[in-house]
Amino acid sequence: MKKTMVRRAVVLVQVLAMAAAVMPLLSGALDTHRVKQLAATYNVTCVLVFGDSSVDPGNNNYLATPMKGNFLPYGKDFFRGRPTGRFSNGRLATDFIAEALGYTKAIRPFLNKRLRPIDILHGVSFASAASGYDELTANLSNVLPVSKQLEYFRQYKIRLRQLVGARTAEDITKNAVAVMSMGTNDFLQNYNLEPIRPKQYTLEEYQIYLASCMSQDLKTMHSLGITRLVVVGVPPLGCMPLVKTLMNRDTCVENYNNFSASFNSKIKAKLATLRTTLGMKIGYVDAYGIIQDAVNNPKKYGLIEISKGCCGSGTVEYGDSCKGLSTCADASKYVFWDAVHPTEKMYEIIADQAIDSLEEQLMG
């Protein structure tokens, strides 16, 4: 019975990873048959997610932090219209891929007190909204830094061994796909707002520091048995409604986007080195290119509103400042749900395209 459950988990996992790995893509319905075919082709056991609000399904609900999304209007389009901690109106990309596999409609946060054995087998998210590659970023908001997310991953492995035995547990970890999605908060909530890092680093030096932090995190993940990894690049920060409002711009802020592109180039350089030195299979998702294309060509994706979010005025509200506010009539026409985070529609677009990226870069 356990072996059957594990085999079923294999299917779910590969695609889960794909979803979390990407944060913005094309439109169209997910090819469920193709997803299952891919899962059968590659021995992927589960998805293990690390990162920030882009992939946090509700871990922050269990933390003493103001950085939460477990209240309306967040979740208004989720099942039964209930908020879960996801920073969107509905589901994340990982949820759509899991549903396509036929096993679960929503990936669960590891800190969920009602985590089930099947959740352990399918994979969970350790991600924490407002976290970043820089430990200071997480500490500023009292959320989970990567080091703590990895500590919870160690606890996950213990629970997995208790469930299926040591040998099978190691095989599941080895054949899992891990996803790392973060970086935005290091700049928007740390370097640009707090005085500590700017006194220590120039912006260029800080990018190098962050890339080095990421590299060390990935080495730790490898030491813990992870051999397949997807890293999501930083999106075009200058296109976020919040950034445009703060900079008093109607269009994407070029210097912020240039910075995003510069940091992504450093991430890719580090990943190239790690592929060789660690022997890991590491995929990279160009979140920058995907989101920018959706902003530049919204009709191509069935979108209309690219300049503001759906919550409140759509220009500055996110997180607690979005609490209880009115929303737009149809979030599926919007790129952004609030002034920072994508809509469920955008995440669905992401899930559709993530599969292509991962099949080519990680599974090939």
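Scroll up for the structure.
How each quantity is defined
- Residues numbered from 1 in each chain as written.
- Predicted model: local features only at pLDDT ≥ 70, side-chain atom pairs only at ≥ 80, totals over all residues.
- Heavy atoms only, no water.
- Helix = DSSP H or I, 4+ residues; strand = E, 2+ residues; numbered from the N terminus.
- Buried < 20%, exposed > 50% of the residue type's maximum accessible area, 1.4 Å probe, protein only.
- Contact = heavy atoms within 4.5 Å.
- Areas by Shrake-Rupley, 256 points an atom, 1.4 Å probe, with all protein chains shown as cover.
- 1 Å grid on protein atoms, 1.4 Å probe; cavity = no way out; pocket = protein on both sides within 12 Å on 5 of 7 lines; lining within 4 Å.
- Points joined across faces, edges and corners; volume = space filled by probe spheres on them.
- Nonpolar A, V, L, I, M, F, W, Y, C, P; charged D, E, K, R; others polar.
- Axes fitted to C-alpha atoms, helices over the stretch in contact; angles between N-to-C directions.
- Left-handed = near helix turned anticlockwise from the far one by under 90°.
- Parallel < 35°, antiparallel > 145°, perpendicular 65-115°, else oblique.
- Phe/Tyr/Trp six-rings, centres within 6.5 Å; stacked < 30°, edge-to-face > 60°.
- Lys NZ or Arg CZ within 6 Å of the ring centre and 35° of its normal.
- Expected span 1.5 Å × (residues − 1).
- Pairing = 2+ DSSP bridges.
- Salt bridge = Lys/Arg side-chain N within 4 Å of Asp/Glu carboxyl O.

Undergrad: How should the overall build of the protein chain be read in this particular structure?
TA: A count of helical and extended segments in the protein chain gives 14 helices and six strands. Within the span of the protein chain, comprising 364 residues, buried residues form 60% of the whole. For the protein chain, long-range pairs separated by at least 24 residues make up 74% of all intrachain contacts whose partners lie at least 6 apart in sequence. Carbon together with sulfur atoms contributes 50% to the accessible area of the protein chain, which is approximately 14,200 Å² in total.

Undergrad: Honestly, the layout of surface pockets in this entry has me stumped. Any pointers?
TA: Picture a little ball the size of a water molecule; that probe, rolled over the atoms, points out where space is still empty. Space inside the largest pocket adds up to approximately 410 Å³. A class-by-class count of the residues in the lining of the largest pocket yields eight nonpolar, five polar and seven charged.

Undergrad: Could you clarify how one ought to interpret the packing of helix H10 (residues 203–223) against helix H12 (residues 254–278) in this entry?
TA: For any two helices packed against each other, the geometry is given by the interaxial angle and the distance between the axes. Closest axis-to-axis distance for the H10/H12 pair is 9 Å, and the angle between their directions is 35°. The handedness of the crossing between H10 and H12 is right-handed. Across the interface between the two elements, Leu203, Glu204, Gln207, Ile208, Leu210, Ala211, Ser212, Met214, Ser215, Leu218, Lys219 and His222 from H10 touch Phe259, Ser262, Phe263, Lys266, Ile267, Lys270, Leu271, Leu274 and Leu278 from H12. A class-by-class count of the residues in the contact of H10 with H12 yields 12 nonpolar, five polar and four charged.

Undergrad: Would you mind going over the packing of helix H6 (residues 146–164) against H10 with me for this structure?
TA: Running from N to C, H6 and H10 cross one another at 5°; their axes reach a closest spacing of 11 Å. What the angle tells us is that H6 and H10 run roughly parallel. Judged by residue contacts, Val146, Leu150 and Arg154 of H6 engage Asp217, Thr220 and Met221 from H10. Residues belonging to the contact of H6 with H10 are distributed by class as follows: three nonpolar, one polar and two charged.

Undergrad: What's the story with the packing of aromatic side chains in this structure? I'm lost.
TA: Each aromatic ring pair is specified by the distance between its two centres and by the angle formed by the two planes. Applying the stated criterion to the full structure yields 21 aromatic pairs. Centre to centre, the rings of Phe110 and Tyr152 are 5.9 Å apart; their planes meet at 55°, and the pair counts as tilted. Here Tyr152 lies in helix H6 and Phe110 lies in the loop between helix H3 (93–101) and helix H4 (117–122), a separation of 42 residues in the sequence. The class of Phe110 is buried, set by a relative accessible area of 6%. Residue Tyr152 is classed as buried on the basis of its relative accessible area, which comes to 16%. Relative to Tyr206, the ring of Phe187 lies with its centre 5.8 Å away and its plane at 85°, an arrangement referred to as edge-to-face. Linking Phe187 in helix H8 (residues 184–191) with Tyr206 in helix H10, this pair joins segments that are 19 residues apart in sequence. Like Phe187, the residue Tyr206 is buried in the burial classification. Among the aromatic residues, those joined into a cluster by ring pairs are Tyr133, Phe187, Tyr191, Tyr201, Tyr206, Tyr209, Phe259 and Phe263. A cation sits over an aromatic face here: Lys148 above Tyr152, 5.1 Å from the ring centre. Looking at Lys323, its charged tip hangs above the ring of Phe71, at a distance of 5.2 Å from the centre.

Undergrad: What is the right way to look at H12 in this model?
TA: Residues that lie three or four places apart on an α-helix share one face, since the helix turns once every 3.6 residues. Here H12 contains 25 residues, and its C-alpha end-to-end distance of 36 Å stays within 8% of the 36 Å for a straight helix at 1.5 Å per residue. Where H12 is buried, its residues meet H8, H10, strand S3 (228–232), helix H11 (241–246), strand S4 (281–285) and helix H13 (287–296). Gly279 sits one or two residues past H12 and shows a positive phi near 70°.

Undergrad: Any chance you could explain the sheet that holds strand S2 (residues 177–181) here in plain terms?
TA: Within a beta sheet, neighbouring strands are joined by backbone hydrogen bonds and run either parallel or antiparallel to one another. The strand order S1-S2-S3-S4 describes an open sheet built from four strands, whose pairing is parallel. Two strands close off the open sheet at either side, each with one partner strand: strand S1 (47–51) and S4. Strand-to-strand, the axes of this sheet are offset by a mean angle of 20°, without reference to chain direction. One ladder, built from five bridges, connects S1 with S2; its direction is parallel. Its bridge partner being in S2, Phe50 is matched across the sheet by Met180. Of the strands in this sheet, S3 and S4 are in contact with H12, which crosses S4 at around 165°.

Undergrad: I tried to follow the pattern of salt bridges on my own but got confused; where do I start?
TA: A side chain with one charge may pair with a side chain of the opposite charge, provided their charged atoms come close. Tallied over the full model, the rule gives eight salt bridges. Linking Arg108 and Asp119 is a salt bridge whose minimum nitrogen-to-oxygen distance equals 3.7 Å. Pair noted here: Arg108 is in the loop between H3 and H4 and Asp119 is in helix H4, with a separation of 11 residues, a long-range link. You can call Arg108 partly exposed: its relative accessible area is 25%. In this structure, Asp293 and Lys300 form a salt bridge, with 2.8 Å as the shortest nitrogen-oxygen distance. On the accessibility criterion, Asp293 (22% relative accessible area) is partly exposed. Among the ionic contacts, a cluster of salt bridges with common partners joins Arg108, Arg116 and Asp119.

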